[in-house]
Each structure stands twice: as C-alpha cells, then as structure tokens.
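# Report on the structure
One letter stands for each residue in the lines below.
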Amino acid sequence: MEWGCDLFKDSSLNSATVKYRDFLLATASGKVEGVKGPSKLLTPFEKTKVAAYTLGAMTPCMRLYAFLGKELQALIDPSESTHPYKKWIDNYSSEGFQASALQTEDLLDKLSVSLTGEELDIIEKLYYQAMELEIEFFNAQMLDQYTVVPLTKGHDRAADRLVIFSDFDLTCTVVDSSAILAEIAIITAPKFDQNQPENQITRMSSANLRNIWGVLSKQYTEEYEQCIEDILPSEKVEEFDYEGLCKALEQFSDFEKIANCRVIESSVLKGLNLDDIKRAGERLILQDGCASFFQSIVKNKSLIADVHILSYCWCGDLIRSAFSSGDLHVLNVHANEFTFKESISTGEIVKNVESPMDKLKAFRGILENCSNDRKNLTVYIGDSVGDLLCLLAADIGIVIGSSSSLKRVGSQFGVSFVPLFPFLVKKQKEYVEGSSSHWKGLSGTLYTVSSWAEIHAFILGW
C-alpha cells in the first residue's frame, strides 16, 4: 500500500514475468532446450547436473539485483528517507544479500566441477538466457516520466541525422593493427635472405624483419612518451583551452608523421599479399559489443544515421575486412591505404590520416559534406591522444578504455572526464518537464565508459 496501490487488486503478471517464471520452472524440472532430459533423476550425477542447470538460470537474477542494489544505493542521498524504493534498495544493497549472491555463484562453481565441456556450454547458454529475460522484465515496467536516454529516443527521421565517428585501433579492436600487419609481414617473409625473381618485389628475411620491427616499436614508444612530455604545459590550465590543445597536438602530429616515414623507409611493409591482409582482418578480434552496436545502428530503420571509422591504420583494407560480416560493409572507412602491385604491397602508404590534425580535418570535412536538410547530432568514440580533438569537437565525445596519456594531456588543457552513467543520472534528476536534452561540442567535457555495452545502452537502449 505504501506505493499507492493494492497489490491484490491492481497487479497482474506481465508477459516478461511469465516468461522468466516458466523458464525457471522448466529448467528446474530438467526441460532444457536442445537437451534430452532423463525421465527420472535416477543417479546422483543426474541430480547434480539438473541442480547446476537450475542455478545457472537463477544466478543472473541474484547477481543483477546485487549489482543494481549497490549502484542505486550510491546514487541516492543517504539522508533521504522518503525515496519510494528505499526499502528495495536497502535490501538488495545489504551485506546479507551481497553475501547470498556470492554464495549462489560459489555453489554453481562447485556443482559444475564434474560437468563436461558440453554441459558447461549449456550452463553458459542458460545464464545468458536468464540475464536477457531479467532485462526484458525491467524493460517491461512502465515509466511515468520523461527519460534522457536512450539518445535516439526522440530521433525524427524527417529532421534529424545521427553521425557516429569511431577510432579503430584499440577502440574497436583488442590488438593494434600495426602489430597485426607487422606479424603478417614476418610470417609470410622468406626465412633466409635469398635471391628472388626480378619480377617480384624483393623482401627481407623474417629474422631481419622481426629485428627491424622490434627497433621501430621501441623507438616509437620512447619518442611517444617524450613527445607527450614536451607538449604538456608546465602548469595545468584552469579553464578549457581548445586552442592551446590544438597547438600542442600540431607538434604531436609532426611526431606521428615522422614515425610513419620511418616505417615506410624501413621496407617492413613491403611484399604483403592483399588476400593475407583481408584474411587477417576477417579474423581480427573486436572489442565485445562493438560489432553488434554498429549492426544495430545500420539495421535500425527508424534512424537516419551515418557511421564513419577514422583511423591511423596503415591499411584501410584491413579495417574493411574486419567489418565485412554482418552488413557492416556500409561503414565509411577513412584511413591510410597500402599501394599494391598485382595484389602485393609495395611498402608505400597513401597518407590520408596520420595525425590528430588529419583526423580533425576529416571529421570536419565529413560534416561539411552532409546535406543541410537535417540537423546533425555527432558522437565520437575514441581511446587515444590522437582522438582528443575530434572527441571534443563532437556534440558527444565518449572515451572508451583507460588511456593514461589521453587523460593526462586532456586534463592539463582543462578537459573534464566524467563517467557517463553517473552523469546521465545527474542529468535525469535535473531534467525539467518541457526542456530539451541539449548536447553541444567544445564544452570541454568528455564522457568515459568501460565497454561498448555502455555505449549501446546510452545511444540505443536495449
């Protein structure tokens, strides 16, 4: 009654609740999708297996509620006693419930010890299915107030355009592309220096390539750290200084261009087969949630959206191959390009995007070429110093990962780094009915996230 309703008269089960209830009951009775269950649980092993399956379906509920309890507890004023969900939050954030969640997970681990790899895969599937049902349950609850998220909620196809920009290396990928290209060169090179046909591009031995790449990598790392030191102002500025940051990153741009020239002159990128590059791109491991986010953007028929990848990567073909599946061939790639002679790289690079200034120029050029029939909302996602100018120029700049050099340089020029989720909670609390959620570039504030899942939830919801 404290929420203003009679639970016996006013409540009814929604479909999301029924789905999760039926899923738990079926799992507990041994009816797991794709698994032939025993007619009777005759042996201790069969009983243990079904118990493990059941816990696999229950554990996400415990963990999610424990997580939400702690997150919500941190967001409300401890002195506020009138919050309508105070008892709920107090219960699920309590040490007792946190211990229960851990105990459930520990029991699941113990019951799983004797299971086969195939049976562990089933538990993993049940866990994900349960978590999806939990999310459906929360999404099914009615909201009686305007929310500032997801970002695309108020998107008008007739008047708006969402323009998403993203870096590639270590923003989208787990490994830097330069290391991938160097490894292809080393693996495919001859083992020893030897005479090669006159009509073929001459290549160094794999041993020489590995040594030269090691020297180049070490030199780049040392000079990068020194360059960061050189561009930092002696004292931290009190107010956001975009002009000062631009001047500093012009110096940083010179460093990047010199490093690229050094790579070209070394010939380490000579003799790579285009097919090998494409195969490596197709196998390139992307950050969890990255590809699915872009797929959701390009397949969303309610959105007018453009996606652009801005990258220092030496070879745009590697990027295009990495995104070749899942209809992501529609992404616009802006990167450097290898030159090829009969599908074999010559070692030269077409220098399109080498520096922070090049990225900013490309960013501005893309927006200038957009038609004027819609209002643009720009989002830039990046992880490094080279992304700083674009991150700040976009209406919304999102920093993914934990680059210390990016935050160090930005902070010295007055840039604020704000965790995205707490900021959105604050923005929601401050929302006044009838006002608009306005985002504006060059504010000096960037928003930090730890995963693509956060980006997905912010921009698209679930």
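Before any of the text, the structure's been laid out above.
Reference entry: report on the structure contained in this document. Nothing here was measured: the structure is a model prediction, and the numbers come from that model.

Basis of the calculations
Residues numbered from 1 in each chain as written. Predicted model: local features only at pLDDT ≥ 70, side-chain atom pairs only at ≥ 80, totals over all residues. Heavy atoms only, no water. Helix = DSSP H or I, 4+ residues; strand = E, 2+ residues; numbered from the N terminus. Contact = heavy atoms within 4.5 Å. Phe/Tyr/Trp six-rings, centres within 6.5 Å; stacked < 30°, edge-to-face > 60°. Lys NZ or Arg CZ within 6 Å of the ring centre and 35° of its normal. Expected span 1.5 Å × (residues − 1). Buried < 20%, exposed > 50% of the residue type's maximum accessible area, 1.4 Å probe, protein only. Axes fitted to C-alpha atoms, helices over the stretch in contact; angles between N-to-C directions. Parallel < 35°, antiparallel > 145°, perpendicular 65-115°, else oblique. Left-handed = near helix turned anticlockwise from the far one by under 90°. Nonpolar A, V, L, I, M, F, W, Y, C, P; charged D, E, K, R; others polar. Lys, Arg positive; Asp, Glu negative; His and termini not counted. Salt bridge = Lys/Arg side-chain N within 4 Å of Asp/Glu carboxyl O. Polar contact = N/O pair within 3.5 Å; in protein donor to acceptor, adjacent residues only side chain to side chain. Pairing = 2+ DSSP bridges.

### Some remarks on the environment of Gln 287
With respect to the helices and strands, the residue Gln 287 is situated in the loop between α10 (274-283) and α11 (290-299). Once residues within four sequence positions are removed from consideration, Gln 287 is found in contact with Leu 170, Thr 171, Cys 172, Thr 173, Val 174 and Trp 452.

### Quick notes on the packing of aromatic side chains
By the definition in use, this model includes 28 aromatic pairs. Among the aromatic residues, those joined into a ring-pair cluster are Tyr 65, Trp 88, Tyr 92, Phe 97, Phe 137 and Phe 138. When the ring centre of Trp 439 is taken as reference, the NZ or CZ atom of Lys 427 above it lies at 4.7 Å.

### Here we look at helix α7 (residues 177-188)
The first and last C-alpha atoms of α7 sit 17 Å apart over twelve residues, in line with the 16 Å expected at 1.5 Å per residue. Within the sequence span of α7, burial applies to Ser 177, Ser 178, Leu 181, Ala 182, Ile 184, Ala 185 and Ile 186. In this structure, the buried residues of α7 make contact with α8 (206-231), β2 (270-273), α10, α12 (316-322) and β5 (337-341).

### Quick look at helix α13 (residues 356-368)
Helix length check: α13, at 13 residues, gives a terminal C-alpha distance of 18 Å against a target of 18 Å (1.5 Å per residue), a fit within 8%. All of the buried residues along α13 are Pro 356, Asp 358, Lys 359, Leu 360, Ala 362, Phe 363 and Ile 366. Elements in contact with the buried residues of α13: β1 (160-166), α9 (242-266), β3 (305-310), β4 (332-334), β7 (375-382) and α14 (388-393).

### A closer look at the packing of α7 against α10
Orientation of α7 relative to α10, taken along the N-to-C sense of each, is 130 degrees, at an axis distance of 11 Å. What the angle tells us is that α7 and α10 run oblique. Pair α7 / α10 crosses with right-handed handedness. From α7, Ile 180, Leu 181, Ile 184 and Thr 188 reach across to α10, where they touch Asp 276, Ile 277 and Ala 280. In terms of residue class, the contact of α7 with α10 is made up of five nonpolar, one polar and one charged.

### Remarks on unusual backbone geometry
Cis rather than trans, the peptide bond between Val 149 and Pro 150 has omega equal to 0 degrees. On the secondary structure map, Pro 150 appears in the loop between α6 (117-139) and β1. Positioned with a positive phi, Leu 170 is a non-glycine residue whose angle comes to about 70 degrees. The topology assignment puts Leu 170 in the loop between β1 and α7.

### Describing the side chain of Asp 358
Mapping Asp 358 onto the fold places it in helix α13. In this structure Asp 358 is buried but unpaired, with Lys 257 as the nearest side chain of opposite charge at 4.3 Å. Among the polar contacts listed, one links the side chain of Asp 358 to the backbone nitrogen of Glu 354, at a separation of 2.9 Å.

### Notes on the pairing of strand β10 (residues 445-449)
Counting buried positions over the five residues of β10 gives four, a clear majority of the element. Strand direction decides the pairing type here: strand β8 (residues 396-400) and β10, joined by three bridges, are parallel. Looking at β10, one finds that Val 399 is bridged to Thr 448. Of the pairings in the sheet, the one linking strand β9 (residues 416-419) to β10 comprises four bridges and is parallel in character. By the bridge assignment, Pro 419 is partnered in β10 with Thr 448.

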